[in-house]
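A structural walkthrough
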Amino acid sequence: MKQKSTTELLKELENFSTFEEYERANKDSMISKSLSQYLCDLLDERQLSKSEVIKKSELNENYAYQLFSGLKSAPKRDKLICLSIGMGLTVNETNSLLKVAGLSPLYPRVKRDSIIIINMNAHKSVFEVNEALFEENEVTLN
């Protein structure tokens, strides 16, 4: 079954008077995983270890392990972008991760985000992304 786009779901919402009706009709399109479960599933899919991803993400180990274990309830957007880079996620996969966390996706109309996107597409490291951001007088990640 093809997953419905966000645009399709928004259009469907106009036809429902209660959330319960909408949820029943779109159960397969709803995000049902916690952030920590989503992160662990990504690790499993890519056959990566937490330690290697954390090292590549350049995050504080304690902070990152708390994200994976679910002990960190409100992660910062930049931290998840660093984890995405450490996992080698695509921009679309990163945006899905950010949405699961309730955070705004990378947006190409924002200068800082477009710099991050270009560098992610080129498979740059967190260090290299930070260099590119710094060169453009933008706030670096973490």
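Everything discussed here concerns the structure shown above.
A brief report on the enclosed structure follows. (Residues numbered from 1 in each chain as written. Predicted model: local features only at pLDDT ≥ 70, side-chain atom pairs only at ≥ 80, totals over all residues. Heavy atoms only, no water.)

1. Quick word on the pattern of salt bridges
What counts is decided by this rule: A carboxyl oxygen of Asp or Glu within 4 Å of a side-chain nitrogen of Lys or Arg is what we treat as a salt bridge. Helix and strand assignments follow DSSP, with helices taken as H or I runs no shorter than four residues and strands as E runs no shorter than two, numbered in order from the N terminus. Whether a residue is buried, partly exposed or exposed follows from its accessible area with a 1.4 Å probe, protein chains only, as a fraction of its type maximum: under 20%, in between, or over 50%, in that order.
Per the counting criterion, the structure on display carries 7 salt bridges. Glu93 is the partner of Arg46 in a salt bridge, and the nearest nitrogen-oxygen pair spans 2.5 Å. Note that Arg46 is positioned in helix H3 (residues 35-46) and Glu93 in helix H7 (residues 91-100), a separation of 47 residues in sequence. With a relative accessible area of 24%, Arg46 lands in the partly exposed category. A relative accessible area of 28% means that Glu93 is categorised as partly exposed. The salt bridge involving Asp78 is made with Arg112; its shortest N-O contact spans 2.7 Å. Taken together, the residues span a long stretch of sequence, with Asp78 in helix H6 (residues 77-87) and Arg112 in helix H8 (residues 111-121) at a distance of 34 residues.

2. Points about the packing of aromatic side chains
In plain terms, the rule: Aromatic rings from Phe, Tyr and Trp, with only the six-membered ring used for Trp, were paired whenever their centres fell within 6.5 Å, and each pair was classed as stacked if the ring planes differed by under 30 degrees, edge-to-face if by over 60, and tilted otherwise.
Scanning the model with the defined rule gives 2 aromatic pairs in all. Plain terms: the ring middles of Phe16 and Tyr22 are 5.8 Å apart, the flat faces sit at 75° to each other, and that makes the pair edge-to-face. Look at Phe16 and you get partly exposed, because its relative accessible area is 26%. In this structure Tyr22 comes out as buried when scored by relative accessible area, which is 7%. Centre to centre, the rings of Phe19 and Tyr22 are 6.4 Å apart; their planes meet at 45°, and the pair counts as tilted.

3. Some words on the environment of Leu67
Where we set the bar: Any two residues whose heavy atoms approach within 4.5 Å are treated as being in contact.
Mapped onto the secondary structure, Leu67 falls in helix H5 (residues 61-69). A relative accessible area of 1% means that Leu67 is categorised as buried. Taking the C-alpha atoms as reference points, Leu67 and Leu35, 32 residues apart in sequence, are found 7.8 Å from one another. In this structure, Leu67 is in contact with Ser36, Leu39, Lys72, Pro75, Leu80 and Leu83, ignoring residues within four places of it in sequence.

4. Overview of the side chain of Ser36
Here Ser36 is to be found in helix H3. On the basis of relative accessible area, Ser36 is assigned to the buried category, the value being 15%. Apart from residues no more than four positions distant in its own chain, Ser36 is found in contact with Leu67, Phe68, Ser69 and Gly70.

5. What to know about the nonpolar core
Which entries qualify depends on this criterion: Put simply, a nonpolar core is a bunch of buried Ala, Val, Leu, Ile, Met, Phe, Trp, Tyr and Cys residues held in one set by side-chain atoms that sit within 4.5 Å of each other.
Counting 33 residues, the largest nonpolar core has Leu39, Phe68, Leu83, Met87, Leu106, Ile116 and Leu141 as the members making the most contacts within it. Contributions of two or more residues to this core are made by H3, helix H4 (50-57), H5, H6, H7, H8 and helix H9 (126-135). Sorting elements by how many residues they give to this core places H6 first, with 6 residues. Apart from the residues lying within four places of it in its own chain, the contact partners of Leu141 are Asp78, Ile81, Cys82, Ile85, Arg112, Ile116, Val129, Asn130 and Leu133.

6. Digging into the environment of Lys4
Relative to the helices and strands, Lys4 is located in the segment before helix H1 (6-13). When the C-alpha positions of Lys4 and Asn26 are compared, they lie 8.7 Å apart, and in sequence the two are 22 residues distant. Those residues in contact with Lys4 that lie beyond four places of it in its chain are Leu9, Glu12, Ala25, Asn26 and Ser29.

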